[in-house]
Amino acid sequence: METNGNLISLRNVSKHYNKGAVKALDHCSLDIRKGEVVAIIGPSGSGKSTLLRCLNLLEVPTAGQVIFNGIDITDRHVDINLHRRKMGMVFQHFNLFPHMTVKKNITLAPVTLNMKNQSDADAQAMRLLQRISLADKAEEYPAMLSGGQKQRIAIVRALAMEPEVMLFDEPTSALDPEMVGEVLDLMKSLAEDGMTMAIVTHEMGFAREVADRVVFMDSGKILEQNLPRTLFDSPQEQRTKEFLSKVL
Amino acid sequence: MLSDFITLFTNPGTASFVNFSFLPKYAPYFVQGLAYTLLLSVTSVLLAIIPALILALMRLSKSRAIRWPAGAYIAIFRSTPLMVQIAIIYFGIFFLIKIPNITILGIVTLSSFIPFTVALALNSAAYVAEIFRAGILAVDSGQTEAARSLGLPAWPSMRLVVLPQAIKNVLPALANELITMVKESSLCSAYGTMELMWAAKMVAGTTYISIGPYVLIAILYFCINFPASKAIEAIERRMRRGDKR
């Protein structure tokens, strides 16, 4: 399938609940190029998270296609598990596995999926933990860590799969204010390394600074998307202006 | 009227709460009955665990064709008396399947032990399945989402991420099911299983001491189940304290 240089594309994706009574997503189309950082902003309930979760099919669209590396992954004959390996996801509530050590959290998927043996995976986990200065926490359980530490470990757990794209679902919304910085710094360094990223966020300053493009959503629709500076300084849509006037 | 009641505790006759004169002669029957009761209930709950897990996973399936048989099984076993289930399984199924008359451990004759263990286990599986289902549902859905987003297929996500956390949730309920089984297994006495209730019936019938044997086994049941339930409560409290996320 033609990709036009896009790593991942949503084509006319809709997500309905209760037989169409609730339209969480209404004919959304979005293209993300390789290496691009896209921030998705909008009021609560606008469908941002649903849109992000459609990218790796944690939410299965009611209609439309999700094209990843030129393959329509909404096709029933596609093994979604193989494609999810290449799409890391980070959640608002971290979702670390509480019954496993930090190291085991990171190595579980690569080892279980036979992508690495345990010793290679352990070595990789330690390199990743060193990168975020948490190597000394390798044998700790998640309950012993702060929110910022948990989220950074959740990020490197996703990185251990060596993904082509990282999806972030409000990664700093559940953090104490003083821990937001350390998580954003890590995300920024990923962006600088050229990682393709889609980020649902309320951190407007971060979106403006790090994103290549900002997407504004409301009521399940993508209303406007543009360069951060253009979207924040001269929004075209009335609804975008209203939203930005409240949050900036 | 009141004086009649008091004599139940004071007279030395056969209709007395405190007449344990049968004990010196018949104590071995109660010891053996107790051992049989414990063996029967522990074995049947252990046997129930794997079928219960399968039933619980079936109940949680997305497919109606898989959910329905498990739901029907659970509904049938929870909505009919255990006494009736034992009769049907003992006289029905094990009329067709012949078990050899082998005695193990000195007290267990397989031809009667296996049918009753299976009957209790089939019943227990229905209840334990619901315990497992609740335990699995109590694990935060974010855990499954995180596992699936890493590319783990459904079963490895369940086995490596969800089940270990669910089992911790259900251990107290599972232990309570064991206590229930210790009590319920007394129903098997109606079909000649030589467990604790049967021992009491037999002694009462032989000696005409009509109350004492039942008072004795009530005390025995209590002495097992009450400390066990208190121990479970204590473990539950400690687990909750250690359950910081």
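The rules behind each value
- Residues numbered from 1 in each chain as written.
- Chains lettered and ligands numbered in written order.
- Predicted model: local features only at pLDDT ≥ 70, side-chain atom pairs only at ≥ 80, totals over all residues.
- Heavy atoms only, no water.
- Pairing = 2+ DSSP bridges.
- Helix = DSSP H or I, 4+ residues; strand = E, 2+ residues; numbered from the N terminus.
- Contact = heavy atoms within 4.5 Å.
- Axes fitted to C-alpha atoms, helices over the stretch in contact; angles between N-to-C directions.
- Expected span 1.5 Å × (residues − 1).
- Bend = angle between axes of the 7 residues up to and from the residue.
- pLDDT = per-residue confidence, 0-100.
- Salt bridge = Lys/Arg side-chain N within 4 Å of Asp/Glu carboxyl O.
- Buried < 20%, exposed > 50% of the residue type's maximum accessible area, 1.4 Å probe, protein only.
- Core = buried A, V, L, I, M, F, W, Y, C linked by side-chain atoms within 4.5 Å.
- Patch = residues over 30% accessible without salt bridge, like charges linked within 9 Å, V, L, I, M, F, W, Y side chains within 5 Å.
- Areas by Shrake-Rupley, 256 points an atom, 1.4 Å probe, with all protein chains shown as cover.

## Some words on the sheet that holds strand β2 (residues 22-33) of chain A
All names here are of chain A.
No. 1: The 4 strands are arranged β2-β1-β4-β5 in an open sheet whose pairing can be described as antiparallel. Only two strands of the sheet have a single partner each, and these edge strands are β2 and β5 (71-72).
No. 2: Looking at chain direction, strand β4 (residues 63-68) and β5 are connected through 2 bridges and run antiparallel. Across the sheet, Ile-67 pairs through a bridge with Asp-72, a residue of β5.
No. 3: Helix-sheet contacts for helix α1 (residues 48-55) involve β1 (6-17), β2 and β4, and the interaxial angle to β2 is about 55°.

## Thoughts on helix α5 (residues 110-137) of chain B
No. 1: The first and last C-alpha atoms of α5 of chain B sit 38 Å apart over 28 residues, in line with the 40 Å expected at 1.5 Å per residue.
No. 2: In the structure, α5 of chain B departs most strongly from a straight axis at Ala-125 of chain B, where the bend amounts to approximately 25°.

## Focus on the confidence of the model for chain B
Low-confidence regions, as indicated by low pLDDT, have predicted coordinates that should not be scrutinised in detail.
Residue and element names in this part refer to chain B.
No. 1: In this model, chain B carries an average pLDDT of 89, and 97% of its residues clear a pLDDT of 70 or more.
No. 2: Looking across chain B, the model is least confident in helix α1 (residues 2-10), with a mean pLDDT of 73, and most confident in helix α6 (residues 141-149), with 97.
No. 3: The ipTM, which scores confidence in the relative placement of chains, is 0.93 for this predicted complex, and the corresponding pTM is 0.85.

## Some words on the pattern of salt bridges
Two side chains that carry opposite charge are able to pair once their charged atoms sit near each other.
No. 1: Scanning the model with the defined rule gives 18 salt bridges over all chains in all.
No. 2: A salt bridge links Glu-130 of chain B to Arg-59 of chain B, with the nearest nitrogen and oxygen atoms 3.4 Å apart. Residue Glu-130 of chain B is located in helix α5, and its partner Arg-59 of chain B is located in helix α2 (residues 23-59); the two are separated by 71 residues in the primary sequence.
No. 3: Judged by its relative accessible area of 26%, Arg-59 of chain B is partly exposed.
No. 4: One network of salt bridges, with partners in common, ties together Lys-15, Arg-53 and Glu-59 of chain A together with Glu-145 of chain B.

## Quick word on the sheet that holds strand β6 (residues 87-90) of chain A
Residues and elements named next belong to chain A.
No. 1: The mixed open sheet is built from 6 strands, whose spatial order is β6-β7-β8-β3-β9-β10. Both edges of this open sheet fall to β6 and β10 (221-226), since each of them pairs with a single strand only. Strand-to-strand twist of the sheet, defined as the mean angle between neighbouring strand axes without regard to direction, takes the value 20°.
No. 2: In this structure, strand β3 (residues 37-41) lies alongside strand β9 (residues 213-218), joined through 4 bridges in parallel fashion. The partner of Val-38 across the bridge, within β9, is Arg-213.
No. 3: Where α1 meets the sheet, it contacts β3, β6, β7 (165-169), β8 (196-200), β9 and β10, and its direction lies at approximately 150° from that of β7.
No. 4: The sheet contacts of helix α9 (residues 238-247) involve β3, β9 and β10, and relative to β9 the element is tilted by about 100°.

## Here's the deal with the nonpolar core
No. 1: If you look at the biggest cluster of nonpolar residues, it comprises 47 residues, and the most contacted ones within it are Ile-41, Ile-155, Met-166, Phe-168, Met-187 and Met-197 of chain A.
No. 2: Per element, the largest residue contribution to this core is 8 residues, and it comes from helix α6 (residues 177-192) of chain A.
No. 3: Contacts of Ile-41 of chain A, omitting those with residues within four sequence positions, involve Lys-48, Thr-201, Met-204, Val-214, Val-215, Phe-216, Met-217, Leu-231, Phe-232, Phe-243 and Leu-244 of chain A.
No. 4: Core analysis: the second largest hydrophobic core is formed by 40 residues, Leu-51, Leu-58 and Leu-108 of chain A together with Leu-150 of chain B among them.

## A word on a nonpolar patch on the surface
No. 1: Among the surface-exposed residues, Leu-2, Phe-5, Ile-6, Phe-9 and Val-18 of chain B lie close enough to one another that they form a single nonpolar patch of about 500 Å² accessible area.
No. 2: A relative accessible area of 45% means that Val-18 of chain B is categorised as partly exposed.

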